[in-house]
Amino acid sequence: MPRIPIDMITPGMCLAEPVTNENGLVLINEGTELTETIIEKLKNMNLQSLRIKGESGPSNTKEEMLAALDERFKRVKSKPLMITIKNIIKEHIEELYGSG
Amino acid sequence: MDRVDINTIRSSIERLNALPTIPNILKKLLKLLENPSTSLNDIGHFISHDPIITTKVLRMINSPIYGFPGRIYSVNQAVILLGLNVVKGLLLSVSVFDLMKKVMVGLWEHSLACAITSRLMAKKKGLKEPEESSIAGLLHDIGKVALLLQFQEYYDSVMNLAEKKGVVIMEAEKEIFGIDHAKAGEWMAEKWSFPKNLIEIIGYHHRPNLSKIFIVETSIVHLADILVRARGFGFAGDNSIPNINDNAWTILGFSGNDIKDILKELEESMDAANELFIE
């Protein structure tokens, strides 16, 4: 889920997690569609960034992540330990996206 | 571009603290650290005296870089809890943070991820002061900051050379500067009176087998650097991944699952940390 800096939040975006105060009390529920007024209030609360639902933001797909991993390891010499490390990272990325 | 004479490099790095880009507060801090009789109290006083530093220190201390359970509200509490070495390192990180963001896009995120990964590894190895590994992870590439501050044009050619030849950044650094950022960092750390363990880790983080006293701590930062690049957090000047040192891997003895546990926790911490440090 992309985390968007508060300055880039625009009306119509949907909260992917609730906004809480310091004690954990929910101020705005998950799923709330943000309006100008709410965004203004969030800015006044000094929040730095929010999790937003949907495609807005720089989240990569699993395929993109794995292709980038291959690219990064392209120049690494074929040392067995480096292959071990690459495989661990690959498994880790796959788990990030669920096993499916 | 010609090579830079090695003595020129060393003296430029040792004169870094006179640069106008170095914030005054860092200059004052360096004076304080230079003095061997500086006590924990003096440092606490120094922090409390400056509201901006106080805020920054508390924000950093309560971030996933250190991973303390519960919240630390006051500088006094922090100073007592952390001890002299960690407080020194903490102050240096707070001061270097802005410089790091200024000189290379992505270097801060790389360092942040290395700090968290190093701490998680230190914890897994049962080291007594995992916070010291946080600081080492955060500051391991400080030599890049030094080289960039003093020789930006040359560093541009270093990055181009690394890209063109497909080599890791330190190979290109050695070609242009005759030394790599680890050596530059070691000089800077010595000059700035960093704690001894930090000097050694910074100097040997690409050759942990040469580390004399802090071989486990150095191996931790060495592996953290590789994992963070492999995972793709941040940018450290090149798109390659340095080779793992076999000895470091053996000393740490992590299983695949150990590393995956660490990476999982890193993902969550990076989310929280990025939120804290977006400015």
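To be clear, the structure that these remarks concern was listed above.
Structure report, in brief.

Conventions adopted
Residues numbered from 1 in each chain as written. Chains lettered and ligands numbered in written order. Predicted model: local features only at pLDDT ≥ 70, side-chain atom pairs only at ≥ 80, totals over all residues. Heavy atoms only, no water. Helix = DSSP H or I, 4+ residues; strand = E, 2+ residues; numbered from the N terminus. Areas by Shrake-Rupley, 256 points an atom, 1.4 Å probe, with all protein chains shown as cover. Phe/Tyr/Trp six-rings, centres within 6.5 Å; stacked < 30°, edge-to-face > 60°. Buried < 20%, exposed > 50% of the residue type's maximum accessible area, 1.4 Å probe, protein only. Lys NZ or Arg CZ within 6 Å of the ring centre and 35° of its normal. Expected span 1.5 Å × (residues − 1). Contact = heavy atoms within 4.5 Å. Buried area = accessible area lost by both parts, 1.4 Å probe. Salt bridge = Lys/Arg side-chain N within 4 Å of Asp/Glu carboxyl O. Polar contact = N/O pair within 3.5 Å; in protein donor to acceptor, adjacent residues only side chain to side chain. Nonpolar A, V, L, I, M, F, W, Y, C, P; charged D, E, K, R; others polar. Arc of directions from axis to C-beta.

**Digging into the overall build of chain A**
Line of reasoning, step 1. A tally of regular secondary structure across chain A gives 3 helices and 4 strands.
Line of reasoning, step 2. Listing each helix as α and each strand as β along chain A from the N terminus yields β-β-β-α-β-α-α.
Line of reasoning, step 3. Element-wise, carbon and sulfur atoms account for 51% of the exposed surface of chain A, whose accessible area totals about 6300 Å².

**Focus: the packing of aromatic side chains**
Residues and elements named next belong to chain B.
Line of reasoning, step 1. Taken as a whole, this structure holds 7 aromatic pairs over all chains when the rule is applied.
Line of reasoning, step 2. Measuring from ring centre to ring centre gives 4.2 Å for phenylalanine 97 and tryptophan 108, while their planes differ by 80°; the resulting arrangement is edge-to-face. Of this pair, phenylalanine 97 sits in helix H5 (residues 75-103) while tryptophan 108 sits in helix H6 (residues 107-124); the two residues are 11 residues apart in sequence, bridging distant segments of the chain.
Line of reasoning, step 3. Classification of phenylalanine 97 by relative accessible area gives buried; the value is 3%.
Line of reasoning, step 4. Look at tryptophan 108 and you get buried, because its relative accessible area is 8%.
Line of reasoning, step 5. Three or more aromatic residues joined by ring pairs make a cluster, and in this case those are Phe151, Tyr154, Tyr155 and Phe177.
Line of reasoning, step 6. For the cation-ring pair, arginine 231 lies above phenylalanine 233, with the distance from its terminal atom to the ring centre recorded as 4.2 Å.

**Section: H6 of chain B**
Residues and elements named next belong to chain B.
Line of reasoning, step 1. Over its 18 residues, H6 extends 26 Å from the first C-alpha to the last, a length consistent with the 26 Å expected when each residue adds 1.5 Å.
Line of reasoning, step 2. Counting buried residues in H6 gives 15 out of 18 residues, a clear majority hidden from the surface.
Line of reasoning, step 3. Residue glycine 126 follows H6 closely and has a positive phi angle near 75°.

**Side note on the environment of glutamine 152 of chain B**
Residues and elements named next belong to chain B.
Line of reasoning, step 1. Looking at the secondary structure, you find glutamine 152 in helix H9 (residues 152-165).
Line of reasoning, step 2. Judged by its relative accessible area of 49%, glutamine 152 is partly exposed.
Line of reasoning, step 3. Placed 64 residues apart in sequence, glutamine 152 and valine 216 show a C-alpha to C-alpha distance of 33 Å.

**So, the interface of chain B and chain A**
Line of reasoning, step 1. Each partner contributes to the interface: chain B provides 27 residues, whereas chain A provides 23 residues.
Line of reasoning, step 2. Contact between chain B and chain A buries roughly 2400 Å² in total, counting both sides, with carbon and sulfur atoms accounting for 60%.
Line of reasoning, step 3. The shortest N-O distance in the salt bridge between glutamate 95 of chain A and lysine 264 of chain B comes to 3.8 Å.
Line of reasoning, step 4. Our count for the contact surface shared by chain B and chain A stands at 9 residue pairs in polar contact (both at pLDDT 80 or more).
Line of reasoning, step 5. Those elements that provide at least two residues to the side of chain B that touches chain A are H9, helix H13 (215-231), helix H14 (246-252) and helix H15 (256-277) of chain B.
Line of reasoning, step 6. Broken down by element, the residue count for the side of chain B that touches chain A peaks at 8 residues, all from H15 of chain B.
Line of reasoning, step 7. Its residues assigned to classes, the side of chain B that touches chain A shows 12 nonpolar, 6 polar and 9 charged.

**Side note on helix H2 (residues 24-34) of chain B**
All names here are of chain B.
Line of reasoning, step 1. Every buried residue of H2 is accounted for by Leu26, Leu29, Leu30 and Leu33. Seen along its axis, H2 keeps its buried residues to an arc of 100°; they face one direction. Turned more than 90 degrees away from the buried face of H2, the exposed residues are Asn24, Lys28 and Lys31.
Line of reasoning, step 2. If you follow the buried residues of H2, they end up packed against helix H3 (40-49) and H5.

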